[in-house]
Structure formats: structure tokens, C-alpha cells
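# Summary of the model geometry
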Amino acid sequence: MFRPLPCFLALRNFTSGSRNRLVSFISLLAILGLVLGVALLIIVVSVMNGFDREMETRILGAVPHIRLFSHEGIDNEASLRDTLLEHPNVRAVMPFTRLEGMLTRNGKTRPVEVLGIEPALSGQFIGQFLPNSLIMKLNQTSGGVVLSTIVAENLSAKAGDRVTLLVPSRSEGGAIHVAPRVAAFTVLGTFATHTTLDQGLMLIHLPEASALAGLNGHPQGMQVKVDQLFQARQTGFQLMNLLPGEFYFSDWLQTHGNLYQAIKMSRNMVSLLVFLIIAIAVFNVISMLMMTVIDKRAEIAILKTQGATGGEIVMTFLAQGFLIGVFGAGLGVLLGTVGAYNITALAHWLESLLGHQLLNSEIYPIDYLPADVHWADVAMIVMVALGLNFLATLYPAFRAAGTRPAEVLRYE
């Protein structure tokens, strides 16, 4: 079968290696460096994509995009909810009451964020992390509470146990009384969002939370989910103009905007650092091809004496570099995608092996390592790796084409 000379020589050099062990060793290092660089970059970018996905689906799934507050509570929540749902960017609305407190059981205490919810309307909010049976219990049971798994573990509480909640009591002027309000609840079950909310969140029925907050059973405000996340602040101002009375709002950019920017910055910085690994591997390709040129100077000179042109010599080394790039990038893509798809399971295995949690929700926004492979990112990484590899082969290829047969073969 006919094959062009440059392709034949490049394939032979790539598959047969070199008689010089140093050249073969450097060739192996160059290919391994490219493989590891591509694989690590795919894994890192996939993990950062996973954090982006979890930020939008899990973290912001548990946290409302907009919270509308009223100082004296809301007494017309049904009509107010209908008004908010008329906005084109609003997906869901739920009344809520939020207050801080201290939960105790058998001498153990834990500071908690008490969130009063309407279970039937919580599906787009915190309710998506609760099983339907638990939502029904919370809706039907008076004096019931649902605890996050971390709070329950700290208090050694399980379903059916009694816990006591202490919340600060305020006078009409806003001053805090010495004696707090005290209420006893029965644990109905536990839930986990696997985010920082698990450190101190407890859920109770909305009327009970509003009574503890001194709002005469009225909700403190309305939680809003929007379709366009980055228009949350603009939507918040528009909603305030639609509502009667005095309202103020907070959005997710105020509470979690810094976290979102930190994830974006971390992705860029880590990707840049891993990208440098590919650049180092490319330098190894230059070294390998230069040593190949030196090692095969006699063969190159003989080819030129037999009629091989400088262009054919250049194409030979460009083809050899291309084969190195394709093989290294292809193997890197294989290892990288397999690693990215299994990184969550691998992290859990390491945690069980080491007996130490790698990501703790007390410090990190989530307590597990996510990954989300985007094939567009994989294609971009491969293109960058092949492009750098092509640039790396230019200088050795032209050096090989500049070999002078008379000088090389003089003492042969």
C-alpha cells in the first residue's frame, strides 16, 4: 500500500523508538507529560463545572433567590403571592418566617436557624430536599420539627424525640427581654442538603414560627425563585414597586455572590496552573524531537543524499510530532473523562480509607466533590494541546531539514 515518505518515516520513528536509551526515556516522559496534563485539566475543569452546577441547582436550590421582608409581617399573603407570580421572571413564591434560636436536648445545645415554611408550597425551595412523607407529616402535625442531619447528630436526636427551642423575645420597642420564648417540639425526621445550611437549619410549620417571632401568626416575608438568576436584583426592585406597603428585599448575590465569584476565580486560576503542565509537556516534546534529530543525523543525511527534500524532512518531523500529540491527547482524554466521571466515588473511597472528610460543609459550600463533564471543554483542551504540540515541533523540524549531508557523513 502506498504511503508518503514523511508519513512512513514518522510512523516508524514513533513506533520503533530509538537505540539511544536516553532518547527513548525522554520520549516516554514527553508523552506521559502530555497525557497527565490533558487528563488533569479535564478533571479540574469538570470539577469546577460541577461546583457551578451545584451552586445553581443545590446551593441556590436550598437558598431563595429573593427574599421580600415586611417589618410587621404580611396579613394578605394569598393576594400578595398572586401579585408576585404575575412577574415574568418569577417561578415560585412561598411565605416564610425566619429567626435565630438555640435548640437543646438532654443537656446538649446547638445554635439553629429556625425556618417556618408552608410545606405545600415548599417544593421549589427547601422542600425539594425532603421526602413527600416528611412534608406531609410537617403539614399535618402540630408541634413537629424537621432537623438537618448534622443538627440531629449533634443533639443525638432521632424521630420521635422531644427537643426544646429557645428564641429571643423582643418588646414592642425592639429591646430583647431577659427571658426568651421557649417551645417544645417533636422530631419528625431529618433531611440533608449537603450544603452549609445543614450546619444549623431546622424547619417548622409557618404559623408556629410566626407565633414565636411575635408576628401574630403572619409570615415575615416571601421567598421568591426566579428563572434568570443574574436578574434577581433587578427583579427584586421591580417586585417592590408592585407591592403595597413598605417592603425591603435581599437577593442571592448578597448572600452567596462572593461564593459564586470565588468559584469562578478558582476555576480560572486552577485551570491556568494545570494548563502550565501541558506547556511543560510541550517543552519536553521539543527536547525529545531535538534529541531525535541529533540521534538520527546520519539517517537524515542519507535520506537527503538519496533525494529527500527539505520539505519532506520537515513534514516527517511534523508528522511525528502530530502522532505524539494525538496519542498523548487521546490517552489523556480517556483517563481524564474516566477520572472525571468517577471523581465523586473516588473522593468517597478516599474519605472512608483515610477516615477523614475531605470537604466539610462547615468550611466548604458543599460536603462532596462534584464533577460535570462538558464535551465542548474537552474539545477545547484537546485543540489547545494539539496546537501547542504543533508549535513545539516546528523548530526541531526545520533544524532537521537544515542538516548538511557532507558535514554529517564526512567521517562515516
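Located above this text is the structure these notes cover.
Quick caveat, the model's predicted, so the values are computed rather than measured.

It is worth spelling out unusual backbone geometry at this point. Even without a glycine there, the phi angle at Asn-106 is positive, about 50°. Residue class for Asn-106 comes out exposed when judged on its relative accessible area of 66%.

Looking at where Asp-198 falls in the secondary structure, it is placed in the loop between strand E6 (181–191) and strand E7 (201–205). Reaching out from Asp-198, the side chain makes a polar contact with the backbone nitrogen of His-194 at a distance of 2.6 Å. Once residues within four sequence positions are removed from consideration, Asp-198 is found in contact with Ser-148, Ile-150, Val-151, Phe-191, Ala-192 and Thr-193.

At a closest axis distance of 11 Å, the pairing of helix H8 (residues 252–295) and helix H10 (residues 310–354) adopts a crossing angle of 140°. In this view, H8 runs oblique relative to H10, as classed from their interaxial angle. Every pair of crossing elements has a handedness; the one defined by H8 and H10 is right-handed. Packed against H8, whose contacting residues are Val-285, Met-288, Leu-289, Thr-292 and Val-293, the element H10 presents Phe-317, Gln-320 and Ile-324 at the interface. Looking at the contact of H8 with H10 residue by residue, the classes come out as six nonpolar, two polar and no charged.

Moving on, we come to the environment of Val-35. In this fold, Val-35 is placed in helix H2 (residues 21–62). Taking relative accessible area as the criterion, Val-35 reaches 3% and is therefore assigned buried.

So, how was this worked out
Residue numbers here run from 1 along each chain, matching the order of that chain's written sequence. Local features in a predicted model are, by the rule used here, given only for residues with pLDDT of at least 70; side-chain atom pairs are given and counted only at 80 or more, and totals for whole chains, interfaces and linings are based on all residues. Based on all heavy atoms of the structure, the side-chain values leave hydrogens and waters out of the count. The buried label goes to any residue with under 20% of its type's maximum accessible area, the exposed label to any with over 50%, and the partly exposed label to all in between, with areas taken from a 1.4 Å probe on protein chains only. Secondary structure is summarised from DSSP: a helix means a run of H or I of at least four residues, a strand means a run of E of at least two, and numbering begins at the N terminus for each. Each polar contact in these results corresponds to two N or O atoms within 3.5 Å; when the atoms are within protein, one needs to be able to donate a hydrogen and the other to accept it, and residues that are neighboring in sequence are counted only if both atoms are side-chain atoms. Any two residues whose heavy atoms approach within 4.5 Å are treated as being in contact. To get an axis, a line is fitted to the C-alpha atoms, and for a helix only the part in contact is used. The angle between two axes follows their N-to-C directions and goes from 0 to 180 degrees. The scheme is simple: roughly parallel for angles under 35 degrees, roughly antiparallel for over 145, roughly perpendicular for 65 to 115, oblique for anything else. The hand of a helix crossing depends on one turn: near helix anticlockwise from the far one by less than a right angle means left-handed, and clockwise means right-handed. Amino acids outside the nonpolar list (Ala, Val, Leu, Ile, Met, Phe, Trp, Tyr, Cys, Pro) and the charged list (Asp, Glu, Lys, Arg) are all regarded as polar, and Gly is one of them.

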